[in-house]
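Coordinates in review
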Amino acid sequence: QVQPVESGGGLVQAGGSLRLSCVASGRTFTNYAMGWFRQAPGKEREFVSAISRNSDITYYADSVKGRFTISRDNAKNTVYLQMNSLKPEDTAVYYCAARFLLYSEKSTAYGYWGQGTQVTVSS
């Protein structure tokens, strides 16, 4: 079992940047693909990005391609989401999730979730 914990959210102006971090406890971190999701008030949870176990495959929602970059450091049990050129529509609670072996863009496919970190982008 892994337990993700997110950090790095905050308030930024449009066009600014943030880097989110997610530390996932457990000695089997490399057995899990990792994903980022977000949920804005009144909206469904939305896929943002995912990364495979060894960082050889990454996947992004169309809404963030070219602006966000996902990465992981297995030695630190940590996955990152670098967010550049932020827009007001990026405002949401961002969640880190872990899925055994294979990544997915479906939130229901992930079995382990963090508590979320708030990202607010002002216009």
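Structural notes, computed from the coordinates. (Residues numbered from 1 in each chain as written. Predicted model: local features only at pLDDT ≥ 70, side-chain atom pairs only at ≥ 80, totals over all residues. Heavy atoms only, no water.)

A short note on the overall build of the chain
Assigned secondary structure in the chain consists of 0 helices and 11 strands. Scanning the chain from its N terminus toward the C terminus, one meets helices and strands in the order β-β-β-β-β-β-β-β-β-β-β. Computed over the C-alpha atoms, the radius of gyration of the chain is 13 Å, within 12% of the 14 Å expected from 2.2 N^0.38 for a compact globule of 123 residues. Principal-axis analysis of the C-alpha atoms places the extent of the chain at approximately 40 × 25 × 25 Å. (Helix = DSSP H or I, 4+ residues; strand = E, 2+ residues; numbered from the N terminus. Rg over C-alpha atoms; globule rule 2.2 N^0.38 Å.)

Things to note about the nonpolar core
In this structure, Met34, Trp36, Phe68, Val79, Leu81, Met83 and Tyr94 are the most contacted members of the largest nonpolar core, which totals 33 residues. Listed by contribution, the elements that provide at least two residues to this core are strand E3 (18-25), strand E4 (32-39), strand E5 (46-51), strand E7 (68-73), strand E8 (78-83), strand E9 (92-100) and strand E11 (117-122). Ranked by residue count, the leading element in this core is E9, at 5 residues. Once you skip the residues sitting within four places of it in the chain, Met83 turns out to touch Gly16, Ser17, Leu18, Leu20, Arg67, Phe68, Tyr94 and Val119. (Core = buried A, V, L, I, M, F, W, Y, C linked by side-chain atoms within 4.5 Å. Buried < 20%, exposed > 50% of the residue type's maximum accessible area, 1.4 Å probe, protein only. Contact = heavy atoms within 4.5 Å.)

Remarks on the side chain of Ser49
The residue Ser49 is located in strand E5 in this model. Looking at Ser49, its side chain comes within polar contact range of the main-chain oxygen of Tyr59, at 3.0 Å. Ser49 has contacts with Met34, Gly35, Trp36, Tyr59, Tyr60, Ile70 and Leu81, leaving out every residue within four places of it along the chain. (Polar contact = N/O pair within 3.5 Å; in protein donor to acceptor, adjacent residues only side chain to side chain.)

A closer look at unusual backbone geometry
The phi dihedral of Ser55 is positive, around 70°, even though this residue is not glycine. For Ser55, the location among the structural elements is in the loop between E5 and strand E6 (58-60). On the basis of relative accessible area, Ser55 is assigned to the partly exposed category, the value being 35%. Positive phi, normally seen in glycine, also occurs at Ser85, with a value near 50°. Within the secondary structure layout, Ser85 lies in the loop between E8 and E9. Residue class for Ser85 comes out partly exposed when judged on its relative accessible area of 41%.

Section: the state of the cysteines
Under the criterion given, the structure shown has 1 disulfide. Disulfide pairing places Cys22 opposite Cys96 at an S-S distance of 2.1 Å. Since a negative S-S torsion denotes a left-handed disulfide, the Cys22-Cys96 link at about -80° is left-handed. Within this pair, whereas Cys22 is found in strand E3, its partner Cys96 is found in strand E9, the two being separated by 74 residues in sequence. (Disulfide = S-S within 2.5 Å.)

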